[in-house]
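Residue-level structure breakdown
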Amino acid sequence: MKRFYLLISLAALIFSACTQTTSSDDSNSQPSNEIFPRMDEVTDKYEAELYYNYVLLDYFYLYGHLRNELADDYKVYLGKESDNDNFSKGYCTSDYYDVCYMYGQLRDPFTQYFDPEVAPQVLASIFETQTIRGIGAEVEEITDSTSHYLRFSDIYPGSPAEKAGLQIGDIVVQIDGLSISTTSNFDAMCTGNIGDVIKIVVDRNDEMVVAAVIVDEYNEPSVKLTYQDSIPVIQIKEFVVTSISDSGSYGEFLTALKKTEGAKSTIIDLRGNPGGETRQCNGITAELLSKGDTITIDIEAHLDSVFEGRNIRYIQKMDTITYTVTADGLGKNRYYVFMADTASASCAELMLSALTTNRSTPVVGQLTYGKQIGQIFDSTLYGGLALITALQGFDKNWESFHDLGIVPDYEIDVPEEQMAKAIELAKNASEKRTAGYGTKRLNHFSKTGTQVQEGKIPTLKDLKPRLRKAKFF
């Protein structure tokens, strides 16, 4: 069972699941009898799916035993139907109602089950950017004293536009024989069916160049590089494994860093970034830090085994894992200003936390979402998807922004004013962070309703390594 940690906001996950599609192999190998000892007792596939998910929660759900949220026997949930609309509509069909009921009893809203009808779409939304049909280029409108024209401001790597030879800085002369001067007309002319050929004439250094661009599908970029008053601005929209780059968000970010090599200051824009896959955001974060810096300290629930005589019993164990930078990052010598807002969450906040604690990097914008827990995903026995909260993170000082958010040094609500302040700080390149984490609970992490048991967000003391039903550390 391969699992990866995710740090992503719930709202973004639900939205993405509704807008993206992918295909996946629904077949799974049969579970081990040692890890799933009661599987032989199961009478049908639906009960098997319930039991399989129960065992996943038993081993990996961070709060299952800390807050006694999980029953001692999976049969407590057998045949039960949830009255929670979020779990009876959209995520589950009637076939898996008791699995949905079980997940509905848990207080953590990020621990969810998606049945085989929706699991492929959700899985795609987690690891891939949106698939777009077009040419893979952006233009900007330029107005000078004598003319108004379009200029290519971005050509996506591996896109149809790049394959056709178009370059950043090319001036659009004609598209399919028509003169185009607005971005809306450009967008309208550069769409079509896969395989359509669009003839684009550009002015490149006073030489006319003709490009035959073939419309195709491609993954949207997750990183965008622009300039504001000569200051590089690198926007990270999300942290994904599959994007326009073969190396995902990390590959795109590395390209942006190399393109701006030599810049004294850089703005990193994380506004609206919901998070994503941890290896991507850890890799990106490490490129801005020095060898030995701490990115995050995680307390993670995982599967462990203990000997009972000659028999092995599998149990949940908590381990503390520190993620440190193993080599100096490519961008470690620059001055950075970060931008964030209320939709900056999870991996975006992990990056903010690492840079503010290690380098005192200033932050402009709004109080962030405050999510410092992570989820594993598992493709279940019959093609469903389990998303289970299995870790809580802390910064290098063992402090947490979970359900508190990260406070900006300059709290500004208007996006244009946020950028103006970030540019000012980047130009001066001297401001150090003085703010910290929030002090009031944001209450983003408890479901409400009659099914929910009382409890609390675990503190560091609560999360000390422990085992269920075993005095073993």
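Residues numbered from 1 in each chain as written. Predicted model: local features only at pLDDT ≥ 70, side-chain atom pairs only at ≥ 80, totals over all residues. Heavy atoms only, no water.

Examining the sheet that holds strand β20 (residues 410-411)
Note the threshold: A pair of strands is labelled paired if DSSP reports no fewer than 2 bridges between them. Put simply, DSSP marks the helices as runs of H or I at least four residues long and the strands as runs of E at least two long, and each gets a number from the N terminus on.
With mixed pairing, 6 strands are arranged side by side in an open sheet as β10-β11-β12-β16-β17-β20. The sheet terminates laterally at β10 (223-228) and β20, the two strands that pair on one side only.

Focus: the state of the cysteines
In plain terms, the rule: Cysteine sulfurs are considered disulfide-paired once they come within 2.5 Å of each other. Accessible area is worked out with a 1.4 Å probe on protein chains only. A residue is then buried under 20% of its type maximum, exposed over 50%, and partly exposed in between.
Inspection of the entire model under this criterion finds 1 disulfide. Across a sulfur-sulfur distance of 2.3 Å, cysteine 281 and cysteine 347 are joined as a disulfide pair. Linking cysteine 281 in helix α9 (residues 278-286) with cysteine 347 in helix α10 (residues 347-359), this pair joins segments that are 66 residues apart in sequence. Note on cysteine 281: relative accessible area 0%, which makes it buried.

Here's the deal with the confidence of the model for the protein
Applied cut-off: As a per-residue measure, pLDDT tells how confident the predictor is, with possible values from 0 to 100. Here, two residues are considered to be in contact whenever any of their heavy atoms come within 4.5 Å of each other.
For the protein, the mean per-residue pLDDT works out to 84, and 86% of the residues sit at or above 70. Note that pLDDT drops below 50 for residues 8-28; the model gives that stretch 46 contacts with residues more than four away or on any other chain. In this model residues 85-90 is a low-confidence stretch, pLDDT under 50, and it forms 11 contacts with partners more than four residues away in sequence or in other chains.

Brief notes about the pattern of salt bridges
Test applied: We define a salt bridge as a side-chain nitrogen of Lys or Arg found within 4 Å of a carboxyl oxygen belonging to Asp or Glu.
A complete count under the given rule lists 14 salt bridges for this structure. For lysine 427, the salt bridge goes to aspartate 229, with nearest N and O atoms at 3.3 Å. Of the two residues, lysine 427 sits in helix α11 (residues 415-428) while aspartate 229 sits in the loop between β10 and β11 (231-236), which places them 198 residues apart along the sequence. Judged by relative accessible area, which is 47%, lysine 427 ranks as partly exposed. Residues joined in a network through salt bridges with shared partners are Arg38, Glu41 and Asp73.

Regarding the packing of aromatic side chains
The criterion, for reference: Geometry of aromatic contacts follows a simple scheme: Phe, Tyr and Trp rings, the Trp one being its six-membered ring, pair when their centres are within 6.5 Å, and the pair is stacked under 30 degrees between planes, edge-to-face over 60, tilted otherwise. Either the NZ atom of lysine or the CZ atom of arginine qualifies as a charge over a ring when it sits within 6 Å of the ring centre and within 35 degrees of the ring normal.
Taken as a whole and assessed by the stated rule, the structure comprises 17 aromatic pairs. Residues phenylalanine 36 and tyrosine 52 carry aromatic rings whose centres are separated by 4.8 Å and whose planes lie at 10 degrees to one another, so their mutual orientation is stacked. You can see phenylalanine 36 sitting in the loop between α1 (10-19) and α2 (45-60) and its partner tyrosine 52 sitting in helix α2, a full 16 residues away along the chain. An aromatic cluster of at least three residues, connected via ring pairs, comprises Phe36, Tyr51, Tyr52, Tyr54, Tyr74, Tyr77 and Tyr101. It is arginine 67 that lies over the ring of tyrosine 63; its NZ or CZ is 3.9 Å from the centre.

Describing the packing of α2 against helix α4 (residues 97-104)
Angle between the axes and distance between the axes are the two parameters that describe a pair of packed helices. Our working definition: To obtain each axis, a line is fitted to C-alpha atoms, and for helices this fit is confined to the stretch in contact; angles are then taken between N-to-C directions over 0 to 180 degrees. An angle below 35 degrees is read as roughly parallel, one above 145 as roughly antiparallel, one from 65 to 115 as roughly perpendicular, and any other as oblique. In this scheme, a crossing is called left-handed if the near helix is turned counterclockwise away from the far one by less than a right angle; it is called right-handed if the turn is clockwise. For this classification, the nonpolar set comprises Ala, Val, Leu, Ile, Met, Phe, Trp, Tyr, Cys and Pro, the charged set comprises Asp, Glu, Lys and Arg, and every other residue, Gly included, is treated as polar.
Contact geometry of α2 with α4 gives a least axis separation of 9 Å together with a crossing angle of 20 degrees. Relative to α4, α2 is oriented roughly parallel. Crossing of α2 over α4 shows right-handed handedness. Residues Glu49, Leu50, Asn53, Tyr54 and Leu57 of α2 touch α4, and the partners they reach there are Asp98, Val99, Met102 and Tyr103. Its residues placed into classes, the contact of α2 with α4 shows 6 nonpolar, 1 polar and 2 charged.

Some points on unusual backbone geometry
Phi at aspartate 176 is positive, roughly 50 degrees, even though this residue is not glycine. Here aspartate 176 lies in the loop between β6 (171-175) and α7 (183-189). For aspartate 206, which is not a glycine, the phi torsion comes out positive at approximately 65 degrees. Relative to the assigned elements, aspartate 206 resides in the loop between β7 (197-204) and β8 (207-214).

A short note on helix α5 (residues 119-127)
Buried residues dominate α5, accounting for 7 of its 9 residues. Among all positions in α5, only Ala119, Pro120, Val122, Ala124, Ser125, Ile126 and Phe127 are buried.

Some points on the environment of lysine 45
With respect to the element layout, lysine 45 can be found in helix α2. Considering only alpha carbons, one finds lysine 45 and leucine 381, 336 residues apart in sequence, at a separation of 8.7 Å. If near-sequence neighbours (up to four positions away) are discounted, lysine 45 is found in contact with Tyr96 and Tyr382.

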